[in-house]
Amino acid sequence: MSENEKTHRVVIVGSGFGGLFAAKALKSADVDVTMISRTTHHLFQPLLYQVATGILSEGEIAPSTREVLKRQKNVRVTLGDVTGVDLEARTVTSQALGSSTVTPYDSLIVAAGAQTSYFGHEEWAPRAPGLKSIDDALEVRARIFGAFEMAEIETDPEIRSEWLTFVVVGAGPTGVEMAGQIAEAARNTLRDNFRSIDPAEARILLLDAADAVLGSFGDRLSAKATTVLRKLGVEVELGAKVTGVDLTGVDIVGADGESRRIGARTKIWAAGVRASRLGRHLSEQVGLEVDRAGRVPVQDDLTLPGHPEVFVVGDMATLKGYPGVSQFAMQGARYAAKTITTRLAGKPAPAAFSYWDKGSMATVSRFNAVASIGNRRFAGFIAWLLWLGVHLVYLIGFKNRITTLINWAVTFVGNDRSERVISHHQVVGRVVVSRQGMTPLGMPPTDPDE
Ligand SMILES: Cc1cc2nc3c(=O)[nH]c(=O)nc-3n(C[C@H](O)[C@H](O)[C@H](O)COP(=O)(O)OP(=O)(O)OC[C@H]3O[C@@H](n4cnc5c(N)ncnc54)[C@H](O)[C@@H]3O)c2cc1C
């Protein structure tokens, strides 16, 4: 057996918070790490809404994984969509551009995350994109800024009003941040940009079937966030269940039980996620049932029963009701790496995984956020400063921190947004905006019903 074959092989699936932090935690270990991910970048999802609303560029929140790990010589980064894991053979199968690769492992860390869930209405996806990837963020950005362009050239007042109506479904942190930022863009950034319309007249609706905005933050912060949103002109409608989404609007059943239609060309879905399908694939092999969100009920050392060499971390895993947030993924990833190195050193396994809740926060508007840390609650400017600090610390890469700070200054102090490009290929409602100008196509090519 050659020296190389003796080295313990760790395969990591995913380059998100779980995948990247697992690889980093194995930096000094005597292991060969192969990271397989379907994206070539790490993605800082908490700031996706800022790409979607023109504040940051995609590169600032999505650095190349290869670049981030270039000095870590025990890691090999490979592009691939993992389609199967054979727990008995201890291999991972991935596909990239039609070619299939089988990668053997001694230890496996699966961190393939989650995707947008439409609760059984996948047909709504093209009409109301979610916010889970860079592609989503750029699509949403094109739709938001494209909607104002369409309103400017539309002569029919009813259609114009549909272009100037934005519906955000889901009043969790992402929905609140999106609604707040669309309102700020309409009222501040786009002021004086148009001649036929006043962007400040745009309607922004935030809908949720639940009875509170940011419900997980508790009553006080929820009430504060609702007040700030309403001051910004966001129409918050709670207890509203979406029953249909089409090209020109959404159908809802309101809190009063009455069905209603809201004419809106731009819809954004921030209402739910479900774990990667790899969760079910792994669970079936060990006789487990995934939960309603498709997550794997892992053991308290984050492994699969009967497979101490297989760890599932982050949004794909469920354990003791821990939240599906970046800290759960990062801490789980570090725990898995530590368990692997401890075992290799022949030492006793670490104690069961336990999650350290460092708190949660969400921005509501410029200089205004809410934060819940331990049993302390913060709202307003102080919470916003906390939010600023935390995001700068966790953002990957020194250069990104600098450029992000500059862009934040431009937006939060100067009201400008430098990232408003709509590319040649992007679909904006019923038009494609080309480099030559608007090309009305009649219907969006991505809509399966049209
Ligand atoms: C809009 C938004 C805002 C958020 N805001 C916050 C916040 O403010 N604070 C917070 O703590 N959390 C926040 N979260 C949640 C946080 O981002 C997630 O909990 C975290 O990303 C989970 O990490 P993960 O590694 O499990 O998954 P991800 O970070 O999603 O990474 C999954 C990785 O797996 C790859 N992958 C997926 N499927 C495959 C496959 N089949 N083959 C190969 N690779 C695959 C993906 O390309 C990706 O690299 C937010 C999430 C979103 C979407």
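Residues numbered from 1 in each chain as written. Predicted model: local features only at pLDDT ≥ 70, side-chain atom pairs only at ≥ 80, totals over all residues. Heavy atoms only, no water.

**Comments concerning the overall build of the protein**
Here comes step 1: Of the regular secondary structure elements, the protein holds 13 helices and 26 strands.
Here comes step 2: Relative to the globule expectation of 22 Å for 450 residues, the C-alpha radius of gyration of the protein, 23 Å, shows essentially globular dimensions.
Here comes step 3: Looking at the protein as a whole, 53% of its 450 residues qualify as buried.
Here comes step 4: In the protein, the proportion of contacts linking residues at least 24 apart, taken out of those at least 6 apart, comes to 61%. (Helix = DSSP H or I, 4+ residues; strand = E, 2+ residues; numbered from the N terminus. Rg over C-alpha atoms; globule rule 2.2 N^0.38 Å. Buried < 20%, exposed > 50% of the residue type's maximum accessible area, 1.4 Å probe, protein only. Contact = heavy atoms within 4.5 Å.)

**As for unusual backbone geometry**
Here comes step 1: Positive phi, normally seen in glycine, also occurs at Phe-119, with a value near 50 degrees.
Here comes step 2: Its place among the elements puts Phe-119 in the loop between strand 8 (114-116) and helix 6 (134-153).
Here comes step 3: In this structure Phe-119 comes out as exposed when scored by relative accessible area, which is 54%.
Here comes step 4: Phi angles above zero are rare outside glycine, and Phe-367 is one such case at about 65 degrees.
Here comes step 5: Here Phe-367 lies in the loop between strand 21 (360-365) and strand 22 (368-373).

**A short note on the sheet that holds strand 2 (residues 31-37)**
One key point about sheets: their strands pair by backbone hydrogen bonds, in either a parallel or an antiparallel sense.
Here comes step 1: Read from one edge to the other, the open sheet built from six strands follows the order 3-2-1-7-19-18, with strand pairing classed as mixed. The outermost strands of the open sheet, each flanked by one partner alone, are strand 3 (75-79) and strand 18 (303-304).
Here comes step 2: Examined bridge by bridge, strand 1 (residues 8-13) and strand 2 share six bridges and lie parallel to one another. Counterpart to Val-13 in the pairing with strand 2 is Ile-36. (Pairing = 2+ DSSP bridges.)

**Description of the nonpolar core**
Here comes step 1: Phe-148 and Met-178 are the most contacted members of the largest nonpolar core, which totals 120 residues.
Here comes step 2: Among the elements that take part in this core, helix 6 stands out by supplying eleven residues, more than any other.
Here comes step 3: Each of domain 1 (3-38 + 80-116 + 274-344) and domain 2 (122-271 + 359-431) gives at least three residues to this core.
Here comes step 4: In this structure, Val-167, Leu-207, Val-245 and Ala-264 belong to the second largest nonpolar core, which totals 15 residues. (Core = buried A, V, L, I, M, F, W, Y, C linked by side-chain atoms within 4.5 Å. Domains from an automatic or database assignment.)

**Here we look at the side chain of Lys-267**
Here comes step 1: Within the element layout of this structure, Lys-267 appears in strand 15 (residues 266-269).
Here comes step 2: Salt bridges are absent for the buried Lys-267, whose nearest opposite-charge side chain, Asp-246, sits at 5.4 Å.
Here comes step 3: Within the structure, Lys-267 has its side chain in polar contact with the backbone oxygen of Asp-246 (distance 2.7 Å).
Here comes step 4: Among the polar contacts made by the side chain of Lys-267, one reaches the main-chain carbonyl oxygen of Ala-264 at a distance of 3.0 Å. (Lys, Arg positive; Asp, Glu negative; His and termini not counted. Salt bridge = Lys/Arg side-chain N within 4 Å of Asp/Glu carboxyl O. Polar contact = N/O pair within 3.5 Å; in protein donor to acceptor, adjacent residues only side chain to side chain.)

**A closer look at the site of the ligand**
Here comes step 1: Near the ligand lie 28 residues; those nearest to it are Gly-18, Gln-45, Val-82, Asp-315 and Ser-326.
Here comes step 2: The contact in question runs from an oxygen atom of the ligand to an N or O atom on the backbone of Phe-17, over 3.3 Å.
Here comes step 3: A distance of 2.7 Å separates a nitrogen atom of the ligand from a polar atom in the backbone of Val-82.
Here comes step 4: Here the ligand loses 88% of its free accessible area of 1000 Å² to cover by the protein chains.
Here comes step 5: When residues of the shell around the ligand are traced back to their parent elements, those giving at least two are helix 2 (17-25), strand 2, strand 4 (81-86) and helix 11 (326-344).
Here comes step 6: Of the residues assigned to the shell around the ligand, the class counts are eleven nonpolar, 13 polar and four charged. (Near = heavy atom within 4 Å. Areas by Shrake-Rupley, 256 points an atom, 1.4 Å probe, with all protein chains shown as cover. Nonpolar A, V, L, I, M, F, W, Y, C, P; charged D, E, K, R; others polar.)

**Some details on the domain arrangement of the protein**
Here comes step 1: According to the domain assignment, the protein consists of domain 1 (3-38 + 80-116 + 274-344) and domain 2 (122-271 + 359-431).
Here comes step 2: Facing nine residues of domain 1, the contacting portion of domain 2 comprises seven residues.
Here comes step 3: Summed over both sides, the interface between domain 1 and domain 2 buries roughly 580 Å², with carbon and sulfur atoms accounting for 58% of that surface.
Here comes step 4: Run the count over domain 1 and domain 2 and you get two salt bridges. (Buried area = accessible area lost by both parts, 1.4 Å probe.)

**Considering a nonpolar patch on the surface**
Here comes step 1: A cluster of nonpolar side chains, contributed by Phe-367, Phe-381, Leu-385 and Val-413, occupies part of the molecular surface with about 380 Å² of accessible area.
Here comes step 2: On the basis of relative accessible area, Phe-367 is assigned to the partly exposed category, the value being 31%. (Patch = residues over 30% accessible without salt bridge, like charges linked within 9 Å, V, L, I, M, F, W, Y side chains within 5 Å.)

**Points about the sheet that holds strand 5 (residues 91-96)**
Here comes step 1: Strand order across the open sheet formed by three strands is 4-5-6, with antiparallel pairing between neighbours. What marks the edges here is a single partner per strand, and that holds for strand 4 and strand 6 (99-104). Each adjacent strand pair in this sheet contributes to an overall mean axis angle of 20 degrees, direction not counted.
Here comes step 2: Bridge count between strand 5 and strand 6: six bridges; the pairing is antiparallel. Looking at strand 6, one finds that Thr-91 is bridged to Pro-104. (Axes fitted to C-alpha atoms, helices over the stretch in contact; angles between N-to-C directions.)

**Concerning the packing of helix 2 against helix 11**
Here comes step 1: One can describe the packing of helix 2 onto helix 11 by two numbers: an axis separation of 8 Å at closest approach and a directional angle of 35 degrees. Both helix 2 and helix 11 take part in a crossing whose hand is right-handed. Two secondary-structure elements touch here, helix 2 through Phe-17, Gly-18, Phe-21, Ala-22 and Ala-25 and helix 11 through Ser-326, Ala-329, Met-330, Ala-333, Arg-334 and Ala-337.
Here comes step 2: Split into classes, the residues belonging to the contact of helix 2 with helix 11 amount to eight nonpolar, two polar and one charged. (Left-handed = near helix turned anticlockwise from the far one by under 90°.)

**Regarding the pattern of salt bridges**
Here comes step 1: All told, the structure shown has 14 salt bridges when counted by the stated rule.
Here comes step 2: Of the charged contacts in the structure, one is a salt bridge between Asp-81 and Arg-277, with a shortest N-O distance of 3.4 Å. Of this pair, Asp-81 sits in strand 4 while Arg-277 is found in the loop between strand 16 (273-275) and helix 10 (278-285), placing the two residues 196 residues apart along the sequence.
Here comes step 3: Take Asp-81: its relative accessible area is 25%, and that puts it in the partly exposed class.
Here comes step 4: The exposure class of Arg-277 is partly exposed, given its relative accessible area of 45%.
Here comes step 5: For Arg-274, the salt bridge is made with Glu-122, and the minimal N-O distance between the two is 3.8 Å. You can see Arg-274 sitting in strand 16 and its partner Glu-122 sitting in the loop between strand 8 and helix 6, a full 152 residues away along the chain.
Here comes step 6: By relative accessible area, Arg-274 is classed as partly exposed at 31%.
Here comes step 7: Judged by its relative accessible area of 38%, Glu-122 is partly exposed.

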